[in-house]
Amino acid sequence: GIQVEQSPPDLILQEGANSTLRCNFSDSVNNLQWFHQNPWGQLINLFYIPSGTKQNGRLSATTVATERYSLLYISSSQTTDSGVYFCAGEEAQGGSEKLVFGKGTKLTVNP
Amino acid sequence: DVKVTQSSRYLVKRTGEKVFLECVQDMDHENMFWYRQDPGLGLRLIYFSYDVKMKEKGDIPEGYSVSREKKERFSLILESASTNQTSMYLCASSPRPSSYNEQFFGPGTRLTVL
C-alpha cells in the first residue's frame, strides 16, 4: 500500500507567524484530504483537494498530483490553530475508497 | 452540513464485556468506516462498509466485528473487550461515487477497558 509522510512532525509558532505543512505520497492518490484534529479529538475537514489550489480564509492548500505531494499553508496563525493536522489519500490503483493517513503534524501556536 | 454522530464520547468497560459503539450519519452516504487512533500509530482502519449488510475488513479487524442493518447506522462490536482495545474510536462516512468521496468524521469515542 501507499505510504504517507508528513513533515515536520512538530511545529511551534508564535501567534501571527505563517507556516507550511507538507504531505508526500509514495504513489499516486485520489481524493486527498486535509484534516485538523481539535483538542477534543474530532477530525475537522479542512480541504478536499485532489489537485490544484484552494483557499479558505487564512488557510490554503495546494496539491501537485503528478509529483505526489500536497502543501497546507497557515497564515497569521492563531492559538486556536493549535492541534494535529493530518493529510490522507486514497490509493489510485484498486479503487478501494480507503483513506491512508499520515502520522500528522502537531502544531502549537503560542500567544 | 454533514453530520456524523457517535453514541458516546467517553466509555469505560471491564475486560470481557461485550461493547457496542454506534455511529449514525444523516447524509445518505453509502460508505461508512471505523478507525482507531493510538499515540504513535496514527489512524488505522478497522472495518468499512459500502452498502447495507456489506462489510470489508480493514487493516486491524482482529477482535472486532461490525453490523450495518440500515444505511445510516454502522455499529462496531467488541465481542470480549480487552485492555489493548483501550483507544480512541472514530467513525466516518463518505458518498459512493469514486470521483468524489470526501470522508466526514464523528466526534470520536474514547474507550477505556479496565
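Everything discussed here concerns the structure shown above.
Below you will find a few notes about this structure. This structure is a prediction, so every number in the text was calculated from the model and none was measured.

### Things to note about the overall build of chain A
- In terms of regular secondary structure, chain A is built from zero helices and eleven strands.
- Taken from the N to the C terminus, the helices and strands of chain A come in the order β-β-β-β-β-β-β-β-β-β-β.
- The C-alpha radius of gyration computed for chain A amounts to 14 Å, which stays within 12% of the reference 13 Å derived for 111 residues, consistent with globular compactness.
- Projected onto the principal axes, the alpha-carbon positions of chain A cover approximately 45 × 25 × 20 Å.
- The buried share of chain A, taken over its 111 residues, is 46%.
- Counting contacts in chain A only where the partners sit at least 6 residues apart, residues at least 24 apart contribute 55% of the total.
- By element, 47% of the accessible surface of chain A is carried by carbon and sulfur atoms, the whole surface being about 5,300 Å².
- Between the centroid of the 7 positive side chains of chain A and the centroid of its 9 negative side chains there is a distance of 2 Å.

### Details of the side chain of B:Ser65
All names here are of chain B.
- One can find serine 65 in strand β7 (residues 64–70).
- What makes serine 65 buried here is its relative accessible area of 16%.
- Residues within four places of serine 65 in sequence aside, it is in contact with Tyr47, Ser75, Leu76, Ile77 and Glu79.

### A few points about the interface of chain A and chain B
- If you look at the interface, chain A gives 18 residues, while chain B gives 27 residues.
- Of the roughly 1,800 Å² buried between chain A and chain B on both sides combined, carbon and sulfur atoms contribute 48%.
- Taken together, the links from chain A to chain B amount to six residue pairs in polar contact (both at pLDDT 80 or more).
- Breaking the side of chain A that touches chain B down by element, the ones donating at least two residues are β4 (29–37), β5 (43–48), β9 (83–91) and β10 (99–101) of chain A.

### Thoughts on the sheet that holds strand β1 (residues 4–6) of chain B
Residue and element names in this part refer to chain B.
- The antiparallel open sheet is built from four strands, whose spatial order is β1-β3-β8-β7. Both edges of this open sheet fall to β1 and β7, since each of them pairs with a single strand only. Adjacent strand axes in the sheet meet at a mean angle of 20° when their direction is disregarded.
- Of the pairings in the sheet, the one linking β7 to strand β8 (residues 73–78) comprises five bridges and is antiparallel in character. When the bridges of β8 are listed, serine 67 appears paired with serine 75.

How each quantity is defined
- Residues numbered from 1 in each chain as written.
- Chains lettered and ligands numbered in written order.
- Predicted model: local features only at pLDDT ≥ 70, side-chain atom pairs only at ≥ 80, totals over all residues.
- Heavy atoms only, no water.
- Helix = DSSP H or I, 4+ residues; strand = E, 2+ residues; numbered from the N terminus.
- Rg over C-alpha atoms; globule rule 2.2 N^0.38 Å.
- Buried < 20%, exposed > 50% of the residue type's maximum accessible area, 1.4 Å probe, protein only.
- Contact = heavy atoms within 4.5 Å.
- Areas by Shrake-Rupley, 256 points an atom, 1.4 Å probe, with all protein chains shown as cover.
- Lys, Arg positive; Asp, Glu negative; His and termini not counted.
- Charge placed at Lys NZ, Arg CZ, Asp CG, Glu CD.
- Buried area = accessible area lost by both parts, 1.4 Å probe.
- Polar contact = N/O pair within 3.5 Å; in protein donor to acceptor, adjacent residues only side chain to side chain.
- Pairing = 2+ DSSP bridges.
- Axes fitted to C-alpha atoms, helices over the stretch in contact; angles between N-to-C directions.

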